[in-house]
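What follows is each chain in one-letter form.
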Amino acid sequence: MPTPGPVSRRMLACGVVALLAVVLGALLLVRADAGLSTRRATVAGVPLTEVRADGAAGDRRPGVVIAHGFAGSARLMRPLADSVARRGGVAVLLDFAGHGASGSRLPGAGRDGEGARARLRHDLDVAVAWLRERPGVDPDRIVLVGHSMGAGAVTRYAVAHPEIDRTVAISLPDGGDVPAGWPGKLTLVVGGLEFAGFRQAVDEATRGAPPGTRTRVVAPGVEHVSVLFAPRTHAAVLDALPDRTGGSSPSPLTRPGGAALLLAGFALGLVPLAALLPRRARPGVGGPRTTRWLAATVPAAGLGAALAALLPTARLPLAVGGYVAVFLLLTGALLVAAARFARPGRTPAAGGGVRSAVVAVVLLGYAVLAVALPLHLGLTSTVPVGARWWLLPLVTLCCLVFLLGAERLTDGHGLGYAAVGGIAVLVLAGAALIGLAPGFVLLVVPLFAALVAWQAAWAEVLRRRGAPWWLAPLLGAVLLAWPVATTLPLA
């Protein structure tokens, strides 16, 4: 029996590590659900998820409505609901219109229009009314918790409904949502690494407040998204529960930690799967000189950002994703043109065959599973709803054009290929800073950068196997497009 070579041993080791990561991630997700019961319902078009401790009985418990932020979902807020349920409360999560499992559109999404505010009020009203009628819930002890857009929505709702017991606003975007002198009890949580505007909003919300009505909490070392998983944030929410009972300590990182392990496991899992491809000689990776592709990428990305700002990207049923998708499409088209100019008449080898095509279909399905399943189970909803179904091929096409442009320009050179993606991320962030792109893009840039890095790593694995030149851009397009098309809200 032949002895496995170094490459085979490396693939076997990657496979074992990938399997261990997936198993550990799954165990963490199971542990996060242990001792809790979940009930889902859709009321007046609003998807609701109730979370409470198993066997909770006796006196009626406080009820907590938990509202997510822009481009978030009920699933992103689930760790907060877990903490509330384990301390004796009954939590209800909702998906606002245009988000998560909601098939409705959010009017004026991303523009903070009155139409959007009215719809947020409606969805909160549905959630509060439903919670009050749930068995074991004390209708006179209702607490509202919201993050970012949801923080503004719950504070406005509490101002208009004095019967709300207490409100927790995490990363409140506008302190003006809290009228001076309002006597309601309000806890304001902000991450220590958030933009200055969120800290200023806390200052505005506490200015002129009656004594004893405001509590300010700073969660150290976290930014706008990670603040949701900070122990200090969970402690602030639990402190707001009226007459809370004892229970297990909150474990806010259990669910996202499980998702992170699943992501890592699926990412590594491509290494042994790539062995299904027929072994071919690795194509040349000389590529154009660094100065050549760098000189082409920077102006292409800059021009793509400027043109995307001029086009009516908001007409796509994606509030922020529309700009991102069109930016990638335009930048990719410019990169393809630059590659043709740099090497006129040169076309890549076709590569592949029947076996390569069959394996490509298998890997394509694997790419969908690798990005969609972990995000859906542990972070945010990635199941296409409503118009998101037809957006998937559209956004995938935009991402594919960009990645094909990077592939052609760099001739598959690993470092150059990764650098083109990195430059696009930096230009996208710069466009948001100077007002070309929606400001919210800054908050999704870290996730987008992680996806670009993931795609570049997979491209290098496939390149080392001598895979057809088109396979890496195809799989990468799925990695980039699926979260953009499914998690950024419908306008």
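Described in the following lines is the structure provided in the data block. Because the structure is predicted, anything quoted here is derived from the model rather than measured.

### Thoughts on the overall build of the protein chain
Along the backbone of the protein chain there are 14 helices and 8 strands. Against the compact-globule benchmark of 23 Å for 491 residues, the protein chain has a radius of gyration of 24 Å, which places it among compact chains. Across its three principal axes, the protein chain shows a C-alpha extent of roughly 75 × 60 × 40 Å. Here the protein chain holds 491 residues, and the buried ones make up 53% of them. Counting contacts in the protein chain only where the partners sit at least 6 residues apart, residues at least 24 apart contribute 76% of the total. Here the protein chain displays about 19900 Å² of accessible surface, and carbon together with sulfur accounts for 65% of that area.

### Section: the environment of Leu433
Note that Leu433 resides in helix 12 (residues 414–433). Looking at Leu433, the relative accessible area reads 65%, which means it is exposed. A sequence separation of 304 residues divides Leu433 from Ala129, and the C-alpha atoms of the two residues are 40 Å apart.

### Some points on the nonpolar core
The biggest cluster of nonpolar side chains holds 117 residues, and the ones touching the most others in it are Leu94, Leu124, Leu144, Phe327, Trp458 and Leu462. When sequence neighbours within four positions are dropped, the list of residues in contact with Trp458 reads Phe266, Ala267, Leu270, Tyr366, Ala367, Ala370, Leu475 and Leu479. Counting residues in each nonpolar core, the second largest holds 30 residues, with Leu93, Val143, Val189 and Ala236 among its members.

### Quick word on the packing of aromatic side chains
The relative placement of two aromatic rings is captured by the distance of their centres and the angle of their planes. Tallied over the entire structure, the rule returns 4 aromatic pairs. With 4.8 Å between their ring centres and 90 degrees between their planes, Phe70 and Phe440 make a pair best called edge-to-face. Taken together, the residues Phe70 in the loop between strand 3 (61–67) and helix 2 (78–86) and Phe440 in the loop between helix 12 and helix 13 (441–464) connect sequence positions 370 residues apart. Comparing Phe70 with Phe440, the two get one shared label, buried. A ring pair is formed by Phe266 and Tyr366, whose centres lie 6.0 Å apart and whose planes are at 70 degrees; its orientation type is edge-to-face. You can see Phe266 sitting in helix 7 (residues 254–273) and its partner Tyr366 sitting in helix 10 (residues 354–378), a full 100 residues away along the chain. Among the aromatic residues, those joined into a cluster by ring pairs are Phe266, Tyr366, Trp454 and Trp458. A cation sits over an aromatic face here: Arg463 above Tyr417, 5.1 Å from the ring centre.

### Observations concerning the pattern of salt bridges
When the charged atoms of two side chains lie near each other, side chains of opposite charge can form a pair. With the rule as written, the count across this model stands at 16 salt bridges. Across the salt bridge formed by Arg52 and Glu50, the nearest N and O atoms sit 3.2 Å from each other. A relative accessible area of 4% places Glu50 in the buried class. The salt bridge partner of Arg463 is Glu407, with a shortest N-O separation of 3.7 Å. Of the two residues, Arg463 is situated in helix 13 and Glu407 in helix 11 (residues 388–410); the sequence distance between them amounts to 56 residues. The class for Glu407 is buried, based on a relative accessible area of 9%. Each member of the salt-bridge network shares a partner with another, and the members are Asp33, Arg78, Asp82 and Arg255.

### A closer look at the pairing of strand 1 (residues 36–43)
Bridge analysis of strand 1 against strand 2 (residues 46–53) gives 8 bridges, and the strand direction is antiparallel. Each bridged residue has a counterpart across the sheet, and for Arg39 the counterpart in strand 2 is Glu50. Taking the residues between adjacent antiparallel strands as the criterion, strand 1 and strand 2 are bridged by 2 residues, where Ala44 takes a positive phi near 50 degrees.

### As for the state of the cysteines
The final tally for this structure, using the stated rule, is 0 disulfides. Note on Cys399: no disulfide assigned, nearest cysteine sulfur contributed by Cys398 at a separation of 6.7 Å. The exposure class of Cys399 is buried, given its relative accessible area of 2%.

### Considerations on the sheet that holds strand 4 (residues 90–94)
Hydrogen bonds between backbone groups are what pair the strands of a sheet, and the pairing can be parallel or antiparallel. The strand order across the open sheet formed by 8 strands is 1-2-4-3-5-6-7-8, and the pairing between neighbours is mixed. Each of the sheet's edge strands pairs with one partner strand only, and the pair in question is strand 1 and strand 8 (214–219). For this sheet the average axis-to-axis angle between neighbouring strands, irrespective of direction, equals 20 degrees. Here strand 7 (residues 186–191) pairs with strand 8 via 6 bridges, running parallel. Within strand 8, the position partnered with Val190 by the bridge is Val218. In the packing of helix 2 onto the sheet, contacts are made with strand 1, strand 2, strand 3, strand 4 and strand 6 (166–170), and the angle to strand 2 comes to roughly 40 degrees. Strand contacts of helix 4 (residues 149–160): strand 3, strand 5 (137–147), strand 6 and strand 7, with the helix running at about 140 degrees to strand 5, the strand carrying the most contacts.

### Some thoughts on the packing of helix 11 against helix 14 (residues 471–487)
Packing of helix 11 against helix 14 leaves a shortest axis separation of 7 Å and a crossing angle of 140 degrees. Taken together, helix 11 and helix 14 sit at an angle that is classed as oblique. Crossing hand, helix 11 versus helix 14: right-handed. Here Arg388, Leu391, Leu392, Val395, Thr396, Cys399, Leu400, Leu403, Leu404 and Glu407 of helix 11 come into contact with helix 14, specifically with Pro473, Leu474, Gly476, Ala477, Leu480, Ala481, Trp482, Val484, Ala485 and Thr486. Counted by class, the contact of helix 11 with helix 14 contains 15 nonpolar, 3 polar and 2 charged residues.

So, how was this worked out
Residues numbered from 1 in each chain as written. Predicted model: local features only at pLDDT ≥ 70, side-chain atom pairs only at ≥ 80, totals over all residues. Heavy atoms only, no water. Helix = DSSP H or I, 4+ residues; strand = E, 2+ residues; numbered from the N terminus. Rg over C-alpha atoms; globule rule 2.2 N^0.38 Å. Buried < 20%, exposed > 50% of the residue type's maximum accessible area, 1.4 Å probe, protein only. Contact = heavy atoms within 4.5 Å. Areas by Shrake-Rupley, 256 points an atom, 1.4 Å probe, with all protein chains shown as cover. Core = buried A, V, L, I, M, F, W, Y, C linked by side-chain atoms within 4.5 Å. Phe/Tyr/Trp six-rings, centres within 6.5 Å; stacked < 30°, edge-to-face > 60°. Lys NZ or Arg CZ within 6 Å of the ring centre and 35° of its normal. Salt bridge = Lys/Arg side-chain N within 4 Å of Asp/Glu carboxyl O. Pairing = 2+ DSSP bridges. Disulfide = S-S within 2.5 Å. Axes fitted to C-alpha atoms, helices over the stretch in contact; angles between N-to-C directions. Parallel < 35°, antiparallel > 145°, perpendicular 65-115°, else oblique. Left-handed = near helix turned anticlockwise from the far one by under 90°. Nonpolar A, V, L, I, M, F, W, Y, C, P; charged D, E, K, R; others polar.

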